[in-house]
Amino acid sequence: MANNVLEVKGLSSWFATENGDVKVIDDVSFSIAEGEIFGLVGESGSGKSVTSRSIIRLLPEDGSTAYEGSILVEGTDVLRISESRMRAMRGNEIAMVFQDPMSALNPVYTIGDQIMESILTHRRVGKAQARKLTIETLDAVGYPSPEQALSKYPHQLSGGMRQRVVIAIAVACRPKLLIADEPTTALDVTTQKQIVDLILDLSQRFGMAVLFISHDLNLVADISNRVAVMYHGRIVEQGTVESIFDHPQRAYTKGLISCIPPLHRAVPEELATVPANLDEFGDLGPAKEGR
Ligand SMILES: Nc1ncnc2c1ncn2[C@@H]1O[C@H](COP(=O)(O)OP(=O)(O)OP(=O)(O)O)[C@@H](O)[C@H]1O
Ligand SMILES: [Mg+2]
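Residues numbered from 1 in each chain as written. Chains lettered and ligands numbered in written order. Predicted model: local features only at pLDDT ≥ 70, side-chain atom pairs only at ≥ 80, totals over all residues. Heavy atoms only, no water.

Engineer: Looking at this model, I keep getting lost on the nonpolar core. Mind explaining?
Structural biologist: If you look at soluble globular proteins, the nonpolar side chains tend to sit buried side by side. Membership of the largest hydrophobic core comes to 49 residues, with the highest contact counts inside it found for Ile167, Ile199 and Phe212. Top contributing element to this core by residue count: helix α7 (residues 159-171), with 6 residues. Sequence-distant contacts of Phe212, that is, excluding residues within four places in its chain, are made with Ile37, Phe38, Gly39, Leu40, Ala180, Pro183, Val196, Ile199, Leu219, Val220 and Ile223. Counting residues in each nonpolar core, the second largest holds 32 residues, with Val24, Ile25, Val73 and Met230 among its members. (Core = buried A, V, L, I, M, F, W, Y, C linked by side-chain atoms within 4.5 Å. Buried < 20%, exposed > 50% of the residue type's maximum accessible area, 1.4 Å probe, protein only. Helix = DSSP H or I, 4+ residues; strand = E, 2+ residues; numbered from the N terminus. Contact = heavy atoms within 4.5 Å.)

Quick look at the structure:
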């Protein structure tokens, strides 16, 4: 597709461990188009974060990580560019929002300084213009009275407001691709909804492609156009939200969906679970193997 912002093709990743090389991502392929929200779901340890960190190259580059395949961001294979080129892309073409907003913000700098830093790093603008763009960005993420926010420190904000600031830093340079790795897990349900709506709005307004990672299936169904289900380092199934949720093909996807507690019926005494035994999903084959 011509307007694909991200194309991940046959991505495998290995980590060197004391027990030898371990393949944690196995032949993963997916793409995200301009303005599209792509949900990546899967249980803890299935490889969602390693996939997202591979895209922005935030995994150790000390020789302990190895890759196969390609990750094209607007046609550039990020696995094959220099670190300085990658640094220029991070926060500019590709931005990331993490789970915990407090650890994503620097406690000793004001909100204004942290957003402005991103703009001054990637844009050829002076301080006055950067300040103006910062106010515009805070306004775009729905921050009330953005001018007053400039001089605030992270500890003076609520969790939801902090996450808005983290999103403001991420979108300050209008990235083509936003990676949101469990962006709402640390927030209460109401704030969660506001942040999800904000990501949806920004994606539509700026035509941003979004990789939205979560283990909350309902949330992903709500926000995404397409979804991929990850298990044990592999994508077991991907498609439109309707096809995955209404007509899952793979045993694992069916298992995951059956674990969602029913909203409009009485909750059964015993909730469904997905068995941990890999053999139950024999159609997957072994996913972790040495290099
Ligand atoms: N630096 C590393 N070295 C070795 N193994 C790693 C490293 N980082 C991640 N892993 C392993 O890769 C696998 C996938 O981890 P990942 O963090 O991607 O899971 P996840 O799907 O994001 O889970 P969660 O929902 O808990 O965030 C796990 O088995 C993890 O232990
Ligand atoms: Mg993770």
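Engineer: Would you take a moment to explain the site of ligand 1 for this structure?
Structural biologist: Near ligand 1 you find 12 residues, and of these Ser44, Gly45, Lys48, Ser49 and Val50 are the closest. A distance of 2.8 Å is found between an oxygen atom of ligand 1 and a backbone nitrogen or oxygen belonging to Gly45. Considered on its own, ligand 1 offers 640 Å² of accessible surface; in the complex 63% of this is hidden by protein. It is helix α1 (residues 48-55) that contributes the most residues to the shell around ligand 1, 3 residues altogether. (Near = heavy atom within 4 Å. Polar contact = N/O pair within 3.5 Å; in protein donor to acceptor, adjacent residues only side chain to side chain. Areas by Shrake-Rupley, 256 points an atom, 1.4 Å probe, with all protein chains shown as cover.)

Engineer: Would you take a moment to explain the environment of Lys9 for this structure?
Structural biologist: Examined against the element boundaries, Lys9 turns out to sit in strand β1 (residues 4-17). Distance in space between the C-alpha atoms of Lys9 and Leu72 is 8.1 Å, their sequence separation being 63 residues. Residues in contact with Lys9, not counting those within four places in the same chain, are Val28, Ser29, Gly69, Ser70 and Leu72.

Engineer: What exactly am I supposed to notice about the sheet that holds strand β5 (residues 76-77) here?
Structural biologist: For sheets, the rule is that strands pair by backbone hydrogen bonds, running either parallel or antiparallel. Taken together, 4 strands build an open sheet; the order of strands is β2-β1-β4-β5 and the sheet is antiparallel. Each edge of the open sheet carries a strand with a single partner, namely β2 (20-33) and β5. In this structure, β1 lies alongside β2, joined through 10 bridges in antiparallel fashion. Paired with Asn4 across the bridge in β2 is Ala33. Strands β1, β2 and β4 (65-73) of the sheet are contacted by α1, whose axis makes an angle of about 115° with β1. (Pairing = 2+ DSSP bridges. Axes fitted to C-alpha atoms, helices over the stretch in contact; angles between N-to-C directions.)

Keep in mind these numbers describe shape, not what the thing actually does.
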